Amino acid sequence: MTGTVLFDLFGVIAHHQSLEGKNRLAHTAGATGPAFWDAYWTLRPPYDRGEVTGPGYWRQVADHLGTRFDDRRIAELIAADVASWSGVDDTMIALLGELAVADRRIALLSNIPEELAAHYEENHSWFRHFHLHAFSCRIGHAKPEPDAYLWCQNALRDDPARILFVDDRQDNIRGAEAIGMHGHLFTTPARLRERLAQWYASPLAS
């Protein structure tokens, strides 16, 4: 069994929220300014961990804002939210394809709510390249909580020293390294290729 490269999704393979998507989302909510985004992010962690459904999350956002969203508005908000996180990096998709062709073992760990996870599974064929999908909404743990990485280690049935974790946030890298994984702070696909060349040349990946 070869070592595993464990990828983050957003900020590595997929883009963070687009400005256009964020504007559409705020417009759909009928809210602008810091108050909306404070509610959006403050209430997000339980949604990412699957502790609340999409409709439940948006009702909490409405309560936080002192307003109410009906079922139709909630459906529109979920759709707008998913769309805002849907952009992908074609260069990284190509790299994943190369790794799959080379029979490299790759996996995915993402802080993501159920509606967005289902969207990616249903609409992106490259998801089949991953040996494992570890979605926070389904495993009940989110980065940088130690249990998120431990869940992946146990599911992969491998020593953490044989796992390279790739993420664009330093706190998430530190979380992986704290349980014994190796980490690479993602900046560009070119630098990741250099790190992967080193990784696959090491005994840990053989």
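Here the structure is a predicted model, which means the values were calculated and not measured.

Cut-off values and rules
- In this convention, every chain numbers its residues from 1, walking through the sequence in written order.
- At least 70 in pLDDT is required for a residue's local features to be given in this predicted model, at least 80 for side-chain atom pairs to be given and counted, and no such filter applies to totals for whole chains, interfaces and linings, which use all residues.
- As a rule here, side-chain values cover all heavy atoms of the structure and leave hydrogens and water aside.
- Within this scheme, the nonpolar core is defined by two criteria: the residues are buried Ala, Val, Leu, Ile, Met, Phe, Trp, Tyr or Cys, and they are joined through side-chain atoms within 4.5 Å.
- Under the scheme applied here, a residue whose accessible area is under 20% of the maximum for its type counts as buried, over 50% as exposed, and between as partly exposed, the area being computed with a 1.4 Å probe on protein chains only.
- Whether two residues are in contact is decided by their heavy atoms: any pair within 4.5 Å suffices.
- Only the stretch in contact is used when a helix axis is fitted, and all axes are lines through C-alpha atoms; the angle between N-to-C directions ranges over 0 to 180 degrees.
- Where helices and strands are cited, they refer to DSSP runs of H or I of at least four residues and of E of at least two residues respectively, numbered from the N terminus.
- If an angle is under 35 degrees, it is roughly parallel; if it is over 145, roughly antiparallel; if it lies from 65 to 115, roughly perpendicular; otherwise it is oblique.
- All residues other than Ala, Val, Leu, Ile, Met, Phe, Trp, Tyr, Cys, Pro, Asp, Glu, Lys and Arg, Gly among them, are scored as polar; the first ten of these are nonpolar and the last four charged.
- A carboxyl oxygen of Asp or Glu within 4 Å of a side-chain nitrogen of Lys or Arg is what we treat as a salt bridge.

1. Here's the deal with the nonpolar core
Across soluble globular proteins, you tend to see nonpolar side chains buried next to one another. Counting 53 residues, the largest nonpolar core has V5, F7, L9, I13, F36, W58 and W126 as its most contacted members. Discounting chain neighbours no more than four positions away, the residues touching L9 are A14, L108, L109, S110, I112, Y120 and W126. Of all hydrophobic cores here, the second largest spans 15 residues; its members include L6, L109, I139 and F165.

2. Here's the deal with the packing of helix α1 (residues 19-29) against helix α2 (residues 34-42)
Packing of α1 against α2 brings their axes to within 11 Å, and their N-to-C directions diverge by 100 degrees. Considered as vectors, α1 and α2 are oriented roughly perpendicular to each other. Note on element contacts: α2 touches α1 through F36, W37 and Y40, opposite K22, L25, A26 and A29. Along the lines of polarity and charge, the residues of the contact of α1 with α2 split into six nonpolar, no polar and one charged.

3. Points about the pattern of salt bridges
The tally for this structure, following the rule as stated, stands at 13 salt bridges. As a salt-bridge pair, E76 and R72 come within 3.6 Å of each other at their nearest N and O atoms. Here R72 and E76 lie together in helix α5 (residues 71-84), a separation of four residues that amounts to about one turn. Relative accessible area serves as the criterion here: at 34%, E76 is assigned to the partly exposed category. A relative accessible area of 66% places R72 in the exposed class. A salt bridge links R169 to D171; its shortest N-O distance comes to 2.9 Å. Its relative accessible area of 46% is what places R169 among the partly exposed residues. Given a relative accessible area of 24%, D171 falls into the partly exposed group. Within this structure, D8, K143 and D167 form a network of salt bridges that share partners.

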